[in-house]
Amino acid sequence: MQNELSIRAKIGQFAIYLLIIGVTLIAFPSNGITYLMVRCAQALELLVLGILVLPKIQQTIKFDKFNLLVIGWWLCYILNTFLHPTDVGITPVFMLMNVLILLLLGTKYWTQDIRSSLKGLIYIFSALVYINAILLILYPEGLWIDPEWVGRGNPARYLFGNQNQTGFVCFMTIAMQCIYTVAYNEGRSNLILLIIISLTTVLFLGSMTSAVGIFLMAAYIVCHRFFQKPKIWLIVFAALYTLMFIFIIWYGNDIEHIKWATIFIEDTLSKDTTFSNRTIIWANAVDLIKESPLTGYGIQNTEWNDEHLEGSGAHNLIVMLLLNGGFVFCLSFVYIVVYAIREALTVHSKITTTAVMSLCVLFVMAFFEAYNIIYFFLYLQIVYYSSSIHKQIEESE
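Residues numbered from 1 in each chain as written. Predicted model: local features only at pLDDT ≥ 70, side-chain atom pairs only at ≥ 80, totals over all residues. Heavy atoms only, no water.

**Some remarks on the pattern of salt bridges**
Here is step 1 of the chain: The full count for this structure, using the stated rule, is two salt bridges.
Here is step 2 of the chain: Residue R115 is joined to E186 by a salt bridge in which the shortest nitrogen-to-oxygen separation is 2.5 Å. Of the two residues, R115 is situated in helix α4 (residues 91–138) and E186 in the loop between α5 (163–184) and α6 (188–205); the sequence distance between them amounts to 71 residues.
Here is step 3 of the chain: Classification of R115 by relative accessible area gives partly exposed; the value is 28%.
Here is step 4 of the chain: With relative accessibility at 32%, the residue E186 sits in the partly exposed group.
Here is step 5 of the chain: Residues E369 and R278 are paired through a salt bridge, measuring 2.1 Å at the closest nitrogen-oxygen approach. With E369 in the loop between α13 (350–365) and α14 (373–396) and R278 in helix α10 (residues 278–291), this pair connects stretches of sequence that are 91 residues apart. (Salt bridge = Lys/Arg side-chain N within 4 Å of Asp/Glu carboxyl O. Helix = DSSP H or I, 4+ residues; strand = E, 2+ residues; numbered from the N terminus. Buried < 20%, exposed > 50% of the residue type's maximum accessible area, 1.4 Å probe, protein only.)

Here it is as structure tokens:
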């Protein structure tokens, strides 16, 4: 039988997730009051980390290979940042702290009762998606304007930042609810409502990348029977993704001469063939990567990106990793992704297939945007533990 978490453990875990998400996902203006609030919350996170770690030290911490890979990657990733000239302060340290808390919650609670853990996350993310929708109705022009914004994008900020980060949160919420619904046959109404609200939100904000991601996720839900052999789909996806990266980003092939691609980009996605200047940013990034291919330049701030890339960021997850950590950290990140997927697919079930396919959709979205990397690792954690969901269900029957 599955060991269900106690009420106290569920409340504690829920409160910790709420704290982390409040600090790392919600966008705050850079003024004195909010700065103080965020720093106080980070101090609380440090206390939480201590509470989670100290008992583990007494019992001797036993992380599995996935957790050790993630921790090792982050430690080296941050060390690499501080070995390069950078002006990001101690932000990378707080990033590591949040990832460590997420991993510790996984080893402490997910291995025992992943259903309660996933349900708590879905409650928080769903509530935030609905709150954001209400705020959009009340403040359609945005909650505040970012005075330090650079680039061509909209400086208006919503609950999660710009329109693309909003779409990322919406997609993650849908994906988590989809996995939960497939696993436990609950939450269909919330899933349908999330898709409707999220799609309306991203279309209103003009994030076509997010709209495509949500549409692909909805299409998977309808056509999931065609994905009985996920390994074949993964091979095809990886091959196409690699080819797209090589020809569109690395070699910067001019796609405006490809008629069907031009029609899709301009008519369907409502973008120009430079993907709103992304091809220019990618070309500048590739030149920089070639100058420092092994370890990159470390984590950099928006001003550095504007000076060197002519944009606010890399607008591609792989490009961002290559800039921040070179091929060493990018390839090791890919290895962690492959390891999580392999662990998930040790069990053949709709649960693990849904987790892996939704991760593929997330990578499609990340081809055009560099989202909050902390939550990429959170989703990798969900994919990794998706096989445990299946096993825990079997044990409880």
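Following the structure, the description resumes.
**Some points on the packing of aromatic side chains**
Here is step 1 of the chain: If you walk through the whole model with that rule in mind, you get 29 aromatic pairs.
Here is step 2 of the chain: Centroid distance Y241 to F367: 5.5 Å. Interplanar angle 90 degrees. Geometry classified as edge-to-face. Pair noted here: Y241 is in helix α8 (residues 230–250) and F367 is in the loop between α13 and α14, with a separation of 126 residues, a long-range link.
Here is step 3 of the chain: With relative accessibility at 13%, the residue Y241 sits in the buried group.
Here is step 4 of the chain: F367 sits in the buried class, given a relative accessible area of 1%.
Here is step 5 of the chain: Measuring from centroid to centroid gives 5.2 Å for F367 and F368, while their planes differ by 65 degrees, and the two rings are edge-to-face.
Here is step 6 of the chain: The structure contains a cluster of three or more aromatic residues connected by ring pairs, namely F168, F237, Y241, W282, F363, F367, F368, Y371 and F376. (Phe/Tyr/Trp six-rings, centres within 6.5 Å; stacked < 30°, edge-to-face > 60°.)

**Description of the nonpolar core**
Here is step 1 of the chain: One finds W73, W74, Y375 and Y379 to be the most contacted residues of the largest nonpolar core, which totals 126 residues.
Here is step 2 of the chain: Counting residues per element, this core draws most heavily on α4, which supplies 20 residues.
Here is step 3 of the chain: Contact partners of Y379, with chain neighbours within four places excluded, come to M172, A175, M176, I179, A355, S358, L359 and L362. (Core = buried A, V, L, I, M, F, W, Y, C linked by side-chain atoms within 4.5 Å. Contact = heavy atoms within 4.5 Å.)

**Focus on α14**
Here is step 1 of the chain: With 24 residues, α14 ought to run about 34 Å at 1.5 Å a step, and its terminal C-alpha atoms sit 34 Å apart, in line with that.
Here is step 2 of the chain: Bending of α14 peaks at approximately 40 degrees at the position of Y385.
Here is step 3 of the chain: Of all the 24 residues making up α14, 19 are buried; the element is thus mostly covered by neighbouring parts of the structure.
Here is step 4 of the chain: At the N-terminal end of α14, a side-chain oxygen is found 3.1 Å from the backbone nitrogen of I374, two or three residues along, and the residue is N372. (Expected span 1.5 Å × (residues − 1). Bend = angle between axes of the 7 residues up to and from the residue. Polar contact = N/O pair within 3.5 Å; in protein donor to acceptor, adjacent residues only side chain to side chain.)

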